[in-house]
Amino acid sequence: MRIIVSIFLLVVIVLGITLALIAIPFDGSIGQVGGHYIENGIKETGATNIVTSVVLEYRGFDTLGEVTILFIAAIGLGAVLATGTKNKNGSKNITPASLIVYTGCRFLFPLIILFGFYVFVHGHLSPGGGFQGGAVIASAFVLIYMARRGRKLSMVPAKVMESLGGLVFVLVGLIGLAIGGQFLYNFLPLGVPNTLLSAGIIPIIYIAIGFKVGSELTGVIDNLIEES
Amino acid sequence: MIIFIVSLLVILMLVAAVSAIVLKDLLGAVIASCMVSLIAAILFYMLQAPDVAMAEAAIGAALSTAVFVIAIIRTKRHEE
């Protein structure tokens, strides 16, 4: 009986997805809104990466909501996992990582951190941005936890960076509100496209988001490791 | 040529997805789901969406795998 019901459900879901996807044109034609972004994006925002110009300029307020969701998720995880009793002395004997893992992680850590910083500093020029760069930085810290099991990183700088990142985002938006009359108004000069100091406030906000996401995801991993 | 590579990747992805469900060894299942994310990242890159590919590789393949592995450390490795 269960098998028949599950097969029936599967058929219904497959039919639904197929019918929904069949209506989407895949022939490469671009709609009005997309065409506007592609044609005027570089001129209006100064960002060469059109995805960035949409994420932080045309849809900047949505990005603030996205950052807030991540923040609330990290806070919630910390609250759920905070049991109050922290066994400092580590009752379980932790087997140390082997020499190969330790050396490899120490070698890769600075390179991955550098790549993460590159991704979010150049978010308005090349693919990537604050979210991707922050995730790359957090994955570098996963390597550190793998190499030195039982080692505790101090989470105070991460918390400070996380708060500062959110604060900078909202403050830049509010300054734009005061000067230009709309939240996240691009009040800095746009500069020459394809240079590092272009696109006005976009690099500032993406660097803030990069620090915020990186420290947040590192905090999530740290919370989980501490419990195990 | 490109269609051959893409079909190979899609078939690999399907195999990895099915083995993530079927495997009784949970660590193997987590690695298989990591492989699904990695191939999805390659396919996103081939579809000219490098931003999404980067996010998928960093979050899907690295961070979520780490979270699952930590969960397995806390519990048991084999499904009963």
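Residues numbered from 1 in each chain as written. Chains lettered and ligands numbered in written order. Predicted model: local features only at pLDDT ≥ 70, side-chain atom pairs only at ≥ 80, totals over all residues.

**Details of the interface of chain B and chain A**
Selection rule: Here, residues touch in the contact sense if the C-beta positions derived from the backbone fall within 7 Å of one another. Three categories are distinguished: nonpolar for Ala, Val, Leu, Ile, Met, Phe, Trp, Tyr, Cys and Pro, charged for Asp, Glu, Lys and Arg, and polar for the others, with Gly belonging to the last.
Contacts between chain B and chain A engage 13 residues on the former and 17 residues on the latter. Taken together, the residues of the side of chain B that touches chain A break down into eleven nonpolar, no polar and two charged.

**Notes on the confidence of the model for chain A**
Put simply, the rule is: For every residue, the predictor states its confidence as a pLDDT score lying anywhere from 0 to 100. Numbering of helices and strands runs from the N terminus, with a helix taken as a DSSP run of H or I at least four residues long and a strand as a DSSP run of E at least two residues long.
In the predicted model, chain A carries a mean pLDDT of 83, and 92% of its residues have values of at least 70. When the elements of chain A are averaged for pLDDT, helix α2 (residues 32-45) of chain A gives the smallest value, 80, and helix α1 (residues 2-22) of chain A the largest, 92.

**Remarks on unusual backbone geometry**
Let me state the cut-off plainly: Using C-beta atoms placed from the backbone, we call a residue buried if 20 or more other C-beta atoms fall within 10 Å of its own, exposed if 12 or fewer do, and partly exposed for counts in between.
In the Ramachandran plot, L184(A) falls in the positive-phi region, its phi being about 65 degrees despite a non-glycine side chain. Of note, L184(A) is situated in the loop between α7 (156-180) and α8 (202-227). With a phi close to 65 degrees, Q48(B) is a non-glycine residue in the positive phi region. Mapped onto the secondary structure, Q48(B) falls in the loop between α2 (26-46) and α3 (50-74). Taking the number of C-beta atoms within 10 Å as the measure of exposure, Q48(B) has 9 and is therefore exposed.

**Section: the environment of I72(B)**
All names here are of chain B. Counting through the fold element by element, I72 comes out in helix α3. Classification of I72 as partly exposed rests on a count of 16 C-beta atoms within 10 Å. Note: C-alpha distance between I72 and L27 (45 residues apart in sequence) is 7.2 Å. The residues contacting I72, other than those within four sequence positions of it, are L26, L27, V30 and R77.

**A few points about the packing of helix α5 (residues 99-121) of chain A against helix α6 (residues 130-147) of chain A**
Residues and elements named next belong to chain A. Worth spelling out the cut-off: All axes are obtained by fitting lines to C-alpha atoms, using only the stretch in contact for helices, and the reported angles, taken between N-to-C directions, cover 0 to 180 degrees. We call two directions roughly parallel when the angle between them is under 35 degrees, roughly antiparallel when it is over 145, roughly perpendicular when it lies between 65 and 115, and oblique otherwise. Here a crossing is called left-handed whenever its near helix is offset anticlockwise from the far helix by less than a right angle, and right-handed whenever the offset is clockwise.
Between α5 and α6, the least distance of the axes is 8 Å, while the angle of their chain directions is 165 degrees. As the angle between them shows, α5 and α6 are arranged roughly antiparallel. As α5 packs across α6, the resulting crossing turns out to be left-handed. The residue inventory of the contact of α5 with α6, partitioned by class, reads 18 nonpolar, six polar and one charged.

**Section: α3(B)**
Our working definition: Expected span of a helix: the number of residues minus one, times 1.5 Å. What we call the bend at a residue is the angle made by axes fitted to the seven residues finishing there and the seven residues starting there.
Helix length check: α3(B), at 25 residues, gives a terminal C-alpha distance of 35 Å against a target of 36 Å (1.5 Å per residue), a fit within 8%. At E56(B), α3(B) shows its largest kink, close to 25 degrees.

**Remarks on the packing of helix α1 (residues 2-22) of chain B against α2(B)**
Two quantities define a packed helix pair, namely the angle between the axes and the distance from one axis to the other. Residue and element names in this part refer to chain B. Across the interface, α1 lies against α2 with an axial gap of 8 Å and an inter-helix angle of 155 degrees. By the criterion of interaxial angle, the relationship of α1 to α2 is roughly antiparallel. Seen along the crossing, α1 lies across α2 with a hand that is left-handed. Residues V6, L9, L12, M13, A16, A17, S19 and A20 of α1 form the contact with α2, whose participating residues are A29, A32, S33, M35, V36, I39, A40, I42, L43 and M46. Of the residues that constitute the contact of α1 with α2, the class distribution is 16 nonpolar, two polar and no charged.

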